[in-house]
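A closer look at the structure
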Amino acid sequence: MINTTIFNRLFTVELRNGVGVDLEFVDSRPVWVINSETWEQSTMPFEGVVIMLPFLVITYGRPYKEIEDE
C-alpha cells in the first residue's frame, strides 16, 4: 500500500487479515525485497519495529544483507 523512506529507514503500511494488536521489535524477520534495477525478487532480514493493528501492518526499519563469516 504505502512505501516511503524516513530518516534513511523504510516505512511501510500494508493490509492484513487479522484483528489483534501486536508490537514487535525484530532483528531478523524475513521480508521480500525487489532490486529496482533488475526487478529480481529475493528475501532479506529486516531490523526494526513492526506494529500490527486491526487490518494493518506498519513497519519501520531497514532490510540488510547478511555477511557470512568464513
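Details of the structure are given in the entry above.
Residues numbered from 1 in each chain as written. Predicted model: local features only at pLDDT ≥ 70, side-chain atom pairs only at ≥ 80, totals over all residues. Heavy atoms only, no water.

**Some details on a negative patch on the surface**
On the surface, Glu66, Glu68, Asp69 and Glu70 cluster together into a negatively charged patch. Mapping Glu68 onto the fold places it in the segment after strand E5 (56–63). (Patch = residues over 30% accessible without salt bridge, like charges linked within 9 Å, V, L, I, M, F, W, Y side chains within 5 Å. Areas by Shrake-Rupley, 256 points an atom, 1.4 Å probe, with all protein chains shown as cover. Salt bridge = Lys/Arg side-chain N within 4 Å of Asp/Glu carboxyl O. Lys, Arg positive; Asp, Glu negative; His and termini not counted. Charge placed at Lys NZ, Arg CZ, Asp CG, Glu CD. Helix = DSSP H or I, 4+ residues; strand = E, 2+ residues; numbered from the N terminus.)

**Structural notes on the environment of Gly48**
Take Gly48: it is sitting in strand E4 (residues 41–53). Residue Gly48 is classed as buried on the basis of its relative accessible area, which comes to 16%. Taking the C-alpha atoms as reference points, Gly48 and Gly18, separated by 30 residues in sequence, lie 21 Å from one another. Setting aside chain neighbours within four positions, we find Gly48 in contact with Glu24, Phe25, Val26, Tyr60 and Gly61. (Buried < 20%, exposed > 50% of the residue type's maximum accessible area, 1.4 Å probe, protein only. Contact = heavy atoms within 4.5 Å.)

**Details of the environment of Glu24**
By the secondary structure assignment, Glu24 is in strand E3 (residues 22–34). The exposure class of Glu24 is partly exposed, given its relative accessible area of 24%. Along the sequence, Glu24 and Ile51 sit 27 residues apart, while their C-alpha atoms lie 6.4 Å from each other. Ignoring any residue separated from it by four or fewer positions in sequence, one finds Glu24 in contact with Arg29, Gly48, Val49, Val50 and Met52. In terms of polar contacts, Glu24 uses its side chain to reach the side chain of Arg29, at 3.5 Å. (Polar contact = N/O pair within 3.5 Å; in protein donor to acceptor, adjacent residues only side chain to side chain.)

Coordinates in, geometry out; function isn't part of it.
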